[in-house]
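This is what each chain is made of:
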Amino acid sequence: MTLDPTDPGRKGVQGPAIISRRNFLDQGMRVSLSAAGVLTVGLDLTSCASLAHGRSGEGRGAFEPNAWLRFLPDGRVIFMLDRAEMGQGVIASLPIILAEELELDPAQLEVEFAPADRKYGNPEVMNIQMTGGSSSVKGAFTTLREAGAQTRWLFVDAAAKAWGVAPEAIQVRDGMLSHQPTGRSASYSELLIRAARTKPREPSSLKLKDPSQFRRIGIDAPARGLLAKVTGQAKYGIDTKNPNQLVAIVARPPAAGLKCKNFDGAAALGLNGVRQVFQVPSGIAIVGSTYWHVRRAVDALKILWEGSPTLPKVHADIEQGFLEALKENGKVVKEEAWSEDDFTALGKVGKVIEAVYEVPYLAHATLEPQNCTVLWSEFACEVWVPTQALGLAHEVVRRVTGLRSEHIKVHSTLLGGGFGRRLYQDFVVEALTVAEQVRGVPVKLVWSREDDQSNDYYRPAAAHQVRGCLTADQRILAYDHKVATSSVLSDALPVWLPGLTPTFFPPGLSLGLGGLAARGFKSGLLADDTSFEGIPSLPYKIERLRVRSVQCDPGIPVGFWRSVGHSHSAFAVESFIDELAVAAKQDPLAFRLAHLAPDSAYRRVLEAVAEVAGWRTSPTAGIAPNVFRGLAVHSCFGSCVAQVVDVEWAGPSREIVEGSFRIRDVFVAVDCGQVVQPDTVRAQMEGSVIFGLSAALYGKISFVEGRVLQDNFDTYRLLRYGQSPNIRVILLASHERPQGVGEPGVPPVAPALANALFRASGNRIRKLPIF
Amino acid sequence: MPLSFELNGKPVSVEVESDIPILWVLRDILGLTGSKFGCGKAQCGACTVHLNGAPIRSCITPLSAAVGQKVTTIEGLAAPGNVHVVQQAWIDAKVPQCGYCQSGQIMAAVALLSTNQAPSAEDIDAAMSGNLCRCGTYPRIRSAIGIAAQRLRAAPKEARR
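Below is a short write-up of the structure. (Residues numbered from 1 in each chain as written. Chains lettered and ligands numbered in written order. Predicted model: local features only at pLDDT ≥ 70, side-chain atom pairs only at ≥ 80, totals over all residues. Heavy atoms only, no water.)

1. Structural notes on the overall build of chain A
Part 1 of the argument: The helix and strand tally for chain A stands at 18 helices and 29 strands.
Part 2 of the argument: For chain A, the C-alpha radius of gyration of 28 Å lies close to 28 Å, the compact-globule estimate for 771 residues.
Part 3 of the argument: Based on the C-alpha atoms only, the size of chain A along its principal axes is roughly 85 × 75 × 55 Å.
Part 4 of the argument: Counting the 771 residues in chain A, one finds 61% classified as buried.
Part 5 of the argument: In chain A, the share of contacts with a sequence separation of at least 24, taken over all contacts with a separation of at least 6, comes to 76%.
Part 6 of the argument: For chain A, the exposed surface amounts to about 28000 Å²; the carbon and sulfur share of it is 52%.
Part 7 of the argument: Averaging the locations of the 83 positively and 80 negatively charged side chains of chain A gives two centres separated by 2 Å. (Helix = DSSP H or I, 4+ residues; strand = E, 2+ residues; numbered from the N terminus. Rg over C-alpha atoms; globule rule 2.2 N^0.38 Å. Buried < 20%, exposed > 50% of the residue type's maximum accessible area, 1.4 Å probe, protein only. Contact = heavy atoms within 4.5 Å. Areas by Shrake-Rupley, 256 points an atom, 1.4 Å probe, with all protein chains shown as cover. Lys, Arg positive; Asp, Glu negative; His and termini not counted. Charge placed at Lys NZ, Arg CZ, Asp CG, Glu CD.)

Below is the structure:
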């Protein structure tokens, strides 16, 4: 029987006061990179926590050498996790990074979620305290190592003074400091008071470890919090419980954009379990004792809706709109030796291939629906929310309540999935509009699955038009790619700006700036990289290249969805490269390799996936009877991923329909730089493949009469257990700076699958979803 | 009038309408939040509990079906301080990512293995395909079920904690 001693959630214990580290912040030092490339760390304590950050008094008396570490008087050491845990394992990987340099077993670190505070800004995302963009490990790697090294020095210096020895003669290992010549030793805990009270000397040099010395980074440690997750003890936002807490739902209009003209809540109020019925901007709120009591009361409401739907009425019109947009010239985002005349001329001597690819709107479909719990009392506001952007949530609460930060506490809970959905603060705002009328009592707003599917910031639809020209010797001479899609930044900026602007900015100004920027993106005046990312960066050596972007905006809210623009650009690029390979009558692996530089990272992952899949002995077919395979490679968020998808074709005809094939195996090779936790990288690749397959096979959001058609999992299908393939992941180890892992496994799946299905059936998929 | 049933081995009584789904009795009245809400329509399986040992979707099963019967939730799979063989297999195979679906997954797997300790791939597909995992942990669920089945066959007493 195994228990998980590292399970988070144990509360801090208030102990005797220790002089705060704050008194020793005088030493302003710096980080410098020496000529030898060694990162030398000075003592930069400017991000040191103080005891007066509005926390509730928990842990007063802790020694806090930096924003991420708290040494408690009772010997416990707390790691402040400033990123959201949504299954990507930051709860384990970030402490490991710091523990490596601190020379402490990561299992000795208890993890607590950090509060909202600008010092926890994510350097990869404009210093907003948010989790996304596959940036947590990448953004924290050096910072946390520095923090660990600095802290180690503080204790080494304290021990050196205590023992009257040179600091250089002290070794640290697993939380124990020792001086071998005299045999003196002490733990961090034993040196705590001295370290906290003594002004440290400046180290003569403080180096970060050479990667060859890593004892923790790169080695799988026990995962954190597993016991809680398998015993039902893990608490997500939707599980928030407080004394006297009520539950709320919002009865929404039949189509987005309609407003309530009037309503009669008398019958609903008369039902058992219903406490309050009132209007909020998004509909009619019902507050009561359980989710079921308030949900069933919706039928008893009489609501008159007015206005017209803001979402489109006919879905075919939307799809047509994107195809029409392809007729516009668009904005050139990359051009190399391009000339339209040349392309026409080339077409006369080479082979021209043209294709149009279409992808649909997609929902995030986090399994935990959106929810937010608010206790808004007279002078304070406390919120519990599964959010990817704690910094933005805090700002939203501040803006809506008008309260000062010190009187606001936003708890970031575990997330039952994120995928980009929980960057947005719409459900937090909605919960506040409800809580405003339920003051002094905690109220938990819960969205139904229908609410969730219908009120998303969808992965935008897109249409890609690609033209390529092959020379007589089967090389790609020219490549012309135009993409029509909607700007994701235009819907995100109004949400983000409050987290970017100084706190003294009037809320109206932040919103106004956000609105201006949004218009800039929608009109195409400002280029939104997410609309075309993954295309200008394609790695193939092509003499003449042009990439153009056209904005198409049917008025549907769009947002960051796992891998963002890459989620559809890779489908277009890697399908088209495959079509070129077919036209060139070449093996798709060899065709790609022939167009890559010798030292290309893409080459390494392609070779690795080819080897594990046995591609060279069984390319495109032959590994087993009726098994056909497809290949794709893509790089995003700093990581390069190649995949092979094997499908077993059953036919009976050449038509690609349900039952005509089964996905047998998926092979993944990933180069993400230094790996912190190998098993986490594998798990993220496995999960990304399943996520990408769901989208490729079934994912589609369509709009009819202003409503989303696919409002539950019977109509918005996801891959199920019985359909999931075997997945084999190869990690290409390196000591390069760690890159993104949460998203890069998604983009190659759809094209690899489509390429396999072409080999199997002779039919080319150019429009997703497949079914 | 109070409605009574056995919950995780103990008698419990609630005063509430009998058509309330069991899920909301567990989560909002009794405070057991291990069983999850994902769809409300028996499409995702996150709400899976056992009724007299058989797996049910508690989001659509009314309390009236449980009156006088035995309900087991994820919290009741093992005595406090212990873990069920299936839960241990889940830990050993490092199954959970976000973990939200895993209560339901485990309850479905336990129900399968309690009646069949040598399930075929088709048996497992049938038993588990009602449980969605958005994070994509299916390959590890497959491993964990294999591990648990093997351990149960080797030491059947373990299943009866």
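2. Considerations on the sheet that holds strand 2 (residues 10-14) of chain B
Residues and elements named next belong to chain B.
Part 1 of the argument: The strand order across the open sheet built from five strands is 2-1-5-3-4, with neighbouring strands paired in mixed fashion. The open sheet terminates on both sides in strands that have one partner only, identified here as strand 2 and strand 4 (54-57). Neighbour-to-neighbour, the strand axes of the sheet open up by a mean angle of 40 degrees, direction not taken into account.
Part 2 of the argument: Pairing of strand 1 (residues 3-7) with strand 2 involves five bridges; the strand directions are antiparallel. Looking across to strand 2, one finds that Leu7 is bridged to Lys10. (Pairing = 2+ DSSP bridges. Axes fitted to C-alpha atoms, helices over the stretch in contact; angles between N-to-C directions.)

3. Looking at the pattern of salt bridges
Residues and elements named next belong to chain A.
Part 1 of the argument: Inspection of every chain in the model, using the stated rule, returns 57 salt bridges over all chains.
Part 2 of the argument: The shortest N-O distance in the salt bridge between Arg404 and Glu406 comes to 3.0 Å.
Part 3 of the argument: With a relative accessible area of 53%, Arg404 lands in the exposed category.
Part 4 of the argument: The exposure class of Glu406 is partly exposed, given its relative accessible area of 46%.
Part 5 of the argument: Linking Glu658 and Arg717 is a salt bridge whose minimum nitrogen-to-oxygen distance equals 2.5 Å. A residue pair is termed long-range when its members are at least 10 positions apart, and Glu658 in the loop between strand 25 (639-649) and strand 26 (661-671) and Arg717 in the loop between strand 28 (707-708) and strand 29 (726-731) qualify at 59 residues. (Salt bridge = Lys/Arg side-chain N within 4 Å of Asp/Glu carboxyl O.)

4. Things to note about empty space enclosed by the protein
Part 1 of the argument: Scanning the model with the defined rule gives 13 cavities of 30 Å³ or more in all.
Part 2 of the argument: Space inside the largest cavity adds up to approximately 270 Å³.
Part 3 of the argument: Around the largest cavity sit 21 residues that line it, and Gly87, Gly89, Ala223 and Thr680 of chain A together with Pro96 of chain B are the ones nearest its centre.
Part 4 of the argument: Going through the elements one at a time, helix 1 (90-102), helix 4 (226-230) and helix 17 (678-697) of chain A are the ones with two or more residues in the lining of the largest cavity. (1 Å grid on protein atoms, 1.4 Å probe; cavity = no way out; pocket = protein on both sides within 12 Å on 5 of 7 lines; lining within 4 Å. Points joined across faces, edges and corners; volume = space filled by probe spheres on them.)

5. Some points on the packing of aromatic side chains
A ring pair, where both rings are aromatic, is described by two values, the distance of the centres and the angle of the planes.
Part 1 of the argument: Tallying each qualifying case throughout the model produces 23 aromatic pairs over all chains.
Part 2 of the argument: Look at Phe155 of chain A and Tyr188 of chain A: their rings are 4.5 Å apart centre to centre, the planes differ by 65 degrees, and that puts the pair in the edge-to-face class. Remark: Tyr188 of chain A occurs in the loop between strand 9 (184-187) and helix 3 (192-197) and Phe155 of chain A occurs in helix 2 (residues 136-163); sequence separation between them is 33 residues. Of the two residues, Phe155 of chain A and Tyr188 of chain A, both sit in the buried class.
Part 3 of the argument: Ring geometry for Tyr236 of chain A versus Tyr100 of chain B: centroids 5.2 Å apart, planes at 90 degrees, classification edge-to-face. With Tyr236 of chain A in the loop between helix 4 and strand 10 (246-251) and Tyr100 of chain B in the loop between helix 2 (85-92) and helix 3 (102-115), this pair bridges two chains.
Part 4 of the argument: Three or more aromatic residues joined by ring pairs form one cluster here, namely Phe63, Phe71, Phe155 and Tyr188 of chain A.
Part 5 of the argument: Over the ring of Trp561 of chain A we find Arg459 of chain A; its NZ or CZ atom is 5.7 Å from the centre of that ring. (Phe/Tyr/Trp six-rings, centres within 6.5 Å; stacked < 30°, edge-to-face > 60°. Lys NZ or Arg CZ within 6 Å of the ring centre and 35° of its normal.)

6. Digging into the side chain of Arg592 of chain A
All names here are of chain A.
Part 1 of the argument: Its location among the elements puts Arg592 in helix 15 (residues 588-594).
Part 2 of the argument: On the basis of relative accessible area, Arg592 is assigned to the buried category, the value being 0%.
Part 3 of the argument: Separated by 3.4 Å, the side chains of Arg592 and Tyr540 make a polar contact.
Part 4 of the argument: Contact partners of Arg592, with chain neighbours within four places excluded, come to Tyr540, Glu574, Ile577, Asp578, Leu606, Leu631, Ala632, Val633 and Asn755. (Polar contact = N/O pair within 3.5 Å; in protein donor to acceptor, adjacent residues only side chain to side chain.)

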